[in-house]
Each structure stands twice: as structure tokens, then as C-alpha cells.
Amino acid sequence: MGQIYENIPDYAKEEMKIVGVDEISADTMKNFKISSLLNRAVSYFTKGFSDLKSTFLILISFCAIEIFISAFSFDNDIKKAADFALKLVMAVFLLNTFMEFVSKAYEVIRDSIRFMYSFVPVFCGLTYAGGKITSANAFGGVMLMLCEITGRIMETVFLPFCTCFIAFSVSAAFASSELLVRVSKIISKVVTTLLIGVSGALAFFLSISNHMAEAADTAAIKTAGFLAGTFVPVIGSALKDAAGSFRGCMYIIQASLGSFAIIAGLVIFLPSITELFLYKLTLSLTSAVFSSSKQKEEAEILNSFKGAVNIILAALFFVLFIMVISTGIVIFSGYGG
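What comes next concerns the included structure. From a predicted model like this one, the values you see are computed outputs, not experimental measurements. (Residues numbered from 1 in each chain as written. Predicted model: local features only at pLDDT ≥ 70, side-chain atom pairs only at ≥ 80, totals over all residues. Heavy atoms only, no water.)

1. Let's talk about the overall build of the protein
A count of helices and strands for the protein gives 9 helices and 0 strands. Helices (α) and strands (β) of the protein occur, in sequence order from the N terminus, as α-α-α-α-α-α-α-α-α. Counting the 337 residues in the protein, one finds 45% classified as buried. A fraction of 83% describes how many contacts in the protein between residues 6 or more apart in sequence connect residues 24 or more apart. Carbon and sulfur atoms make up 69% of the accessible area of the protein, which totals about 16,800 Å². (Helix = DSSP H or I, 4+ residues; strand = E, 2+ residues; numbered from the N terminus. Buried < 20%, exposed > 50% of the residue type's maximum accessible area, 1.4 Å probe, protein only. Contact = heavy atoms within 4.5 Å. Areas by Shrake-Rupley, 256 points an atom, 1.4 Å probe, with all protein chains shown as cover.)

If you want it as C-alpha cells, here you go:
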């Protein structure tokens with residue numbers, strides 16, 4: 001259990017102490033209040049608004065400068081050069097901010113997968129000790145496979161794809177090509193829809209496999225209890241009651257550990273997801289301002305970054321699903337025995 005707690009990143013440990021979860025125990029989970037986590041989410045939004053205020057003001061200043069350039073009758077070549085330079089500076093500024101978010105998202109995903117590698121074996125061991133052998137094997141095999149695949153994809157595909165996508169999207173906006181802009185939007189929608197669709201398919205698969213494993217384990221436990229009570233009437237009945245009590249204790253420990261992992265997953269992901277949502281809101285607002293000022297190319301640059309943010313959010317929600325939903329399915333499927 002101590003190794004699981006040690007694999008939680010330091011920033012998440014501090015947040016978990018704030019919400020009142022500083023150890024893995026049944027008493028801690030019993031006293032945990034969801035309102036404390038909601039209060040932290042509100043504080044994330046408040047801090048995010050404060051941090052992104054300067055970004056919003058800088059982008060609005062770009063719009064004001066563009067309006068100033070358009071309002072005065074400069075030479076046409078000078079106006080084009082100034083307009084291009086302004087768009088280039090704005091794109092560099094946005095790219096610098098965006099890559100910081102990509103780096104944070106990558107670190108969050110890496111930290112969460114490292115945590116899952118320490119959590120899954122212990123959780124499966126408790127499930128196995130509680131008599132749910134099939135459930136433990138099914139959950140452990142699927143989760144470790146998902147962690148391995150997700151980790152490799154994020155290392156080899158996630159960062160390069162985000163970089164290439166934003167380069168393509170910004171180039172399309174600079175070229176004022178409606179076709180290329182449309183293609184970049186389609187890529188963003190396809191990737192986000194694919195991640196959401198895979199998440200839904202995994203939820204269905206985990207639900208079905210867990211239900212079948214639960215049924216097999218319940219049948220095995222009841223059969224063992226029946227045979228023990230039939231062939232060894234007195235001792236068998238006592239052994240059956242003792243085994244039932246032991247499984248109940250194991251389920252309490254398992255549920256406590258699983259609940260701890262769910263809270264840890266939410267705490268690990270919430271700050272990054274909140275920042276990205278607020279960044280997306282900032283891009284949407286400034287894009288609306290540029291569009292209302294008839295600065296279409298600048299608005300498309302902002303929209304291209306917004307599409308890339310959607311991809312990062314979809315990736316974060318996908319990994320969060322692996323941590324939270326899959327563990328919740330096993331815990332809340334009910335104790336059979």
C-alpha cells in the first residue's frame with residue numbers, strides 16, 4: 001500500500017491532503033466528503049482564470065493593434081508586412097503557451113500510468129484473495145495491457161502528432177486556404193471522436209467482461225460452499241461462514257483502495273483539464289472578438305489552436321477513464337458471495 005501512495009506525484013499528494021485523503025484506509029474513505037473535491041475544483045477554476053487573464057489581454061492587444069493598422073492609410077506593402085508580422089508574433093506567442101500545456105498533459109498521463117502500474121497488481125491481489133479469481137485475472141490483464149499500449153502511444157505518437165497538427169493548422173490559416181482549414185478541423189473532430197468512441201467501447205467491454213467474471217466467481221463460491229456444507233456438515237458450515245467473513249473484509253479493503261485510486265485519478269487530472277478548458281474558453285472569446293472585427297485569418301489561427309486543445313482534452317479524458325471508470329466498474333459491481 002505504501003508503494004502505491006509513493007507513486008502518486010507530489011502535487012497530487014498535496015491536493016489529496018487538502019481534500020482529506022492522506023492515507024489508504026477504510027476510515028479515511030468513510031470520512032471523505034465529495035464537497036471537498038468540488039471546492040478544490042472551484043479553486044482550480046479561480047486560479048486558472050487569474051493565470052490566463054494576461055493571455056487574454058495580450059491576445060486582445062493583438063486585435064487592437066490590427067484594428068489600428070487597418071484604420072490608417074498606410075502603404076499597401078507596409079500594411080501587408082505589418083499584418084504578417086503581427087500574425088507571426090501572435091502565432092509564436094500561442095505556440096509557446098500551447099506547448100506548455102502539451103508538456104503538462106504528457107507529464108500528467110505519464111504520472112497516472114506510473115501510478116496504475118503500482119495500483120493494479122495490489123488491487124487484483126485483494127480481489128483474488130476475496131475469492132474473485134476470474135475478476136482479478138480479467139481486470140489485471142486488461143488494465144496492464146491498456147497501460148502499456150497507452151504509455152507507448154503517448155510517448156511515440158502524442159507529442160509528435162500534436163506538434164505536426166498545430167503546424168499544419170497554423171500554416172493553413174496563414175495561407176488563407178479554406179480547404180486546408182477545413183481539413184485541419186476534420187482531423188481534430190476525427191481524432192476526438194475516435195478517442196471518445198474507443199472510451200465508450202472499452203466501457204462496454206469492461207462492463208460485459210466484469211459481469212461475466214462476477215457470475216463465474218459467484219457460481220464457484222456458492223458451489224464450494226455447498227460442497228463444504230454437504231460433505232462436512234459441521235466443520236464445513238463453520239468454514240463457509242469464516243470464508244464469507246474473510247471475503248467481506250477483503251472487499252472492504254479492496255473498495256477502500258479502489259476509492260483511493262479514483263480520488264487520486266481525479267486529483268491528478270483535474271488541474272490540467274481545468275487549465276485546458278479555460279485556455280479553450282480564452283481562445284474562443286478572442287476568436288469571437290477577431291471575427292467581429294473582420295479579422296478572419298487571425299480568428300482561424302486561434303481556432304486551429306482550439307482544435308489542438310480539443311485533442312489534448314480527449315486524450316486526458318481517455319486516460320482518466322482508464323483509471324476511474326474501470327476501477328469503479330469492479331468496485332460497484334457488487335460483492336457476490
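2. Focus on the packing of aromatic side chains
A full pass over the atoms with the stated rule returns 4 aromatic pairs. Seen in terms of ring centroids, Phe101 and Tyr279 are 4.7 Å apart; in terms of plane orientation they differ by 35°. Their pairing is tilted. Of the two residues, Phe101 sits in helix 5 (residues 76–129) while Tyr279 sits in helix 8 (residues 233–292), which places them 178 residues apart along the sequence. On the basis of relative accessibility, which here comes to 10%, the residue Phe101 falls in the buried class. Between Phe277 and Phe317 the ring centres are 6.3 Å apart and the planes differ by 65°, which places this aromatic pair in the edge-to-face class. Residue Phe277 is found in helix 8, and its partner Phe317 is found in helix 9 (residues 296–332); the two are separated by 40 residues along the sequence. Judged by its relative accessible area of 39%, Phe317 falls in the partly exposed class. (Phe/Tyr/Trp six-rings, centres within 6.5 Å; stacked < 30°, edge-to-face > 60°.)

3. Some remarks on helix 4 (residues 34–71)
Its 38 residues place the ends of helix 4 54 Å apart at the C-alpha level, agreeing with the 56 Å of an ideal helix rising 1.5 Å per residue. A bend of about 35° at Leu52 is the largest found in helix 4. (Expected span 1.5 Å × (residues − 1). Bend = angle between axes of the 7 residues up to and from the residue.)

4. Brief notes about the side chain of Ser36
Take Ser36: it is sitting in helix 4. Looking at Ser36, the relative accessible area reads 18%, which means it is buried. In this structure the side chain of Ser36 is engaged in a polar contact, spanning 3.3 Å, whose partner is the backbone oxygen of Val19. (Polar contact = N/O pair within 3.5 Å; in protein donor to acceptor, adjacent residues only side chain to side chain.)

5. Looking at the packing of helix 5 against helix 6 (residues 133–175)
Closest axis-to-axis distance for the helix 5/helix 6 pair is 9 Å, and the angle between their directions is 175°. The angle between the axes of helix 5 and helix 6 places the two elements in the roughly antiparallel class. Tallied by class, residues from the contact of helix 5 with helix 6 come to 30 nonpolar, 6 polar and 3 charged. (Axes fitted to C-alpha atoms, helices over the stretch in contact; angles between N-to-C directions. Parallel < 35°, antiparallel > 145°, perpendicular 65-115°, else oblique. Nonpolar A, V, L, I, M, F, W, Y, C, P; charged D, E, K, R; others polar.)

6. Side note on the pattern of salt bridges
Per the counting criterion, the structure on display carries 4 salt bridges. Residues Arg110 and Asp111 are paired through a salt bridge, measuring 4.0 Å at the closest nitrogen-oxygen approach. In this structure Arg110 comes out as partly exposed when scored by relative accessible area, which is 37%. On the basis of relative accessibility, which here comes to 8%, the residue Asp111 falls in the buried class. Across the salt bridge formed by Arg114 and Asp111, the nearest N and O atoms sit 3.1 Å from each other. Highlighted residues: Arg114 and Asp111, both in helix 5, separated by 3 residues, approximately one helical turn. For Arg114, a relative accessible area of 39% translates into the label partly exposed. (Salt bridge = Lys/Arg side-chain N within 4 Å of Asp/Glu carboxyl O.)

7. A look at the nonpolar core
One finds Leu94, Phe98, Phe115, Phe269, Ile312 and Leu316 to be the most contacted residues of the largest nonpolar core, which totals 86 residues. Secondary-structure elements contributing two or more residues to this core are helix 1 (2–6), helix 2 (10–18), helix 4, helix 5, helix 6, helix 7 (178–231), helix 8 and helix 9. In terms of residues, this core owes the most to one element, helix 9, which gives 21 residues. Sequence-distant contacts of Leu316, defined by excluding residues within four places in its chain, comprise Ala105, Val108, Ile109, Phe269, Ser272, Ile273 and Leu276. (Core = buried A, V, L, I, M, F, W, Y, C linked by side-chain atoms within 4.5 Å.)

8. Examining the packing of helix 4 against helix 5
Running from N to C, helix 4 and helix 5 point in directions that differ by 170°, and their axes come no closer than 10 Å. With respect to their mutual orientation, helix 4 and helix 5 come out roughly antiparallel. Touching Leu52, Thr55, Ile58, Leu59, Phe62, Ile65, Glu66, Ile69 and Ser70 of helix 4 are Lys79, Ala82, Asp83, Leu86, Val89, Met90, Phe93, Leu94 and Phe101, all from helix 5. Here the contact of helix 4 with helix 5 is composed, by residue class, of 13 nonpolar, 2 polar and 3 charged.

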